[in-house]
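Here is what each chain is made of, one letter per residue.
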Amino acid sequence: MPNTALITGASAGIGRAFAELHASKGGDVIITARRAEALDALKSEIEATHGVSVTTIPLDLGAADGAQKLYDATKGQQIDILINNAGFGGHGNFIDRDLNADLAMIDLNVKSLVSLTHMVARDMVANGGGKILNVSSTASYMPGPLQATYFATKAYVSSFSQALNEELKDKGITVTALEPGYVETEFAARADLEGTNLTKSGATPASVAKFGYDAMNAGKLRVINDGKIRFALNWLVPLLPRQTVLKMVRKMQEKNG
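Residues numbered from 1 in each chain as written. Predicted model: local features only at pLDDT ≥ 70, side-chain atom pairs only at ≥ 80, totals over all residues. Heavy atoms only, no water.

## A word on the pairing of strand 5 (residues 130–135)
Okay, so step 1: Of all the six residues making up strand 5, five are buried; the element is thus mostly covered by neighbouring parts of the structure.
Okay, so step 2: Pairing between strand 4 (residues 81–84) and strand 5: four bridges, direction parallel. Residue pairing in the sheet places Ile 83 in a bridge with Leu 133 of strand 5.
Okay, so step 3: With respect to chirality, the unit in which strand 4 leads through helix 4 (residues 99–127) into the neighbouring parallel strand 5 is right-handed. (Buried < 20%, exposed > 50% of the residue type's maximum accessible area, 1.4 Å probe, protein only. Helix = DSSP H or I, 4+ residues; strand = E, 2+ residues; numbered from the N terminus. Pairing = 2+ DSSP bridges. Right-handed = clockwise from strand over helix to strand, strands pointing away.)

Structure representation (structure tokens):
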């Protein structure tokens, strides 16, 4: 029975952990990211350890034709699981940031995810089912001063995931939004978040990947890996005045010292 997972942003962090986890369960993987050498190294490691097939597709998914190129490169392979993990953030006041950087963030975090999901989900319907896991964030629950665009993109991802699940569930497809808190990956360095309270402690990529993978297989709608954060976001934050929430988020993301 086919069990192939297409995983974006798979060269490091949570994406890499997803690939290793799925392979450990006997599933083939198609992995993509910009760094060809990292993908090739992961391919060698996974094939040697788990004896499954690994296909590498190095490309810039955030480019205008990135999603289409990725989809075209997978033609002939049935994708049973789609894990949209690729994404990045960026710290700073919106008007002080390079606009092109934020537009590129929207392109990768939103446009490429929507485009790839549209193409793959149509094939899943034709094949009789499948599973989609979109990596969102706890950022989806609130606006994010000092990461305004990133938080907004993740709000989109979580909203989109829930709506899509409702549309596709009768066709044998489930869509899960994984909404982790801070995870110890390259994300913080790339987003210039080092030195903020947000990055004081975080979960490991492996633990987050397993949590999300299990939730996807269980057909859950949206999940947060940390119980304390889950309680706060679902039961405490909604009761606070919005200005209070905004000040809290901003303080959490301000540089120490």
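## Brief notes about a nonpolar patch on the surface
Okay, so step 1: A grouping of Phe 94, Ile 95, Leu 99, Leu 103 and Ile 106 is seen on the molecular surface, where their side chains present a nonpolar patch of about 500 Å² in accessible area.
Okay, so step 2: By secondary structure assignment, the location of Phe 94 is in the loop between strand 4 and helix 4. (Patch = residues over 30% accessible without salt bridge, like charges linked within 9 Å, V, L, I, M, F, W, Y side chains within 5 Å. Areas by Shrake-Rupley, 256 points an atom, 1.4 Å probe, with all protein chains shown as cover. Salt bridge = Lys/Arg side-chain N within 4 Å of Asp/Glu carboxyl O.)

## Structural notes on the packing of aromatic side chains
Okay, so step 1: A full pass over the atoms with the stated rule returns two aromatic pairs.
Okay, so step 2: Their ring planes at 75 degrees and their centres at 6.2 Å tell us that Tyr 150 and Phe 151 sit as a pair that is edge-to-face.
Okay, so step 3: Note on Tyr 150: relative accessible area 9%, which makes it buried.
Okay, so step 4: Phe 151 sits in the buried class, given a relative accessible area of 7%.
Okay, so step 5: Consider the rings of Tyr 156 and Phe 160, whose centres lie 6.0 Å apart with planes at 20 degrees: the pair is stacked. Separated by four residues within a single helix, Tyr 156 and Phe 160 lie in helix 5 (residues 148–168), roughly one turn from each other. (Phe/Tyr/Trp six-rings, centres within 6.5 Å; stacked < 30°, edge-to-face > 60°.)

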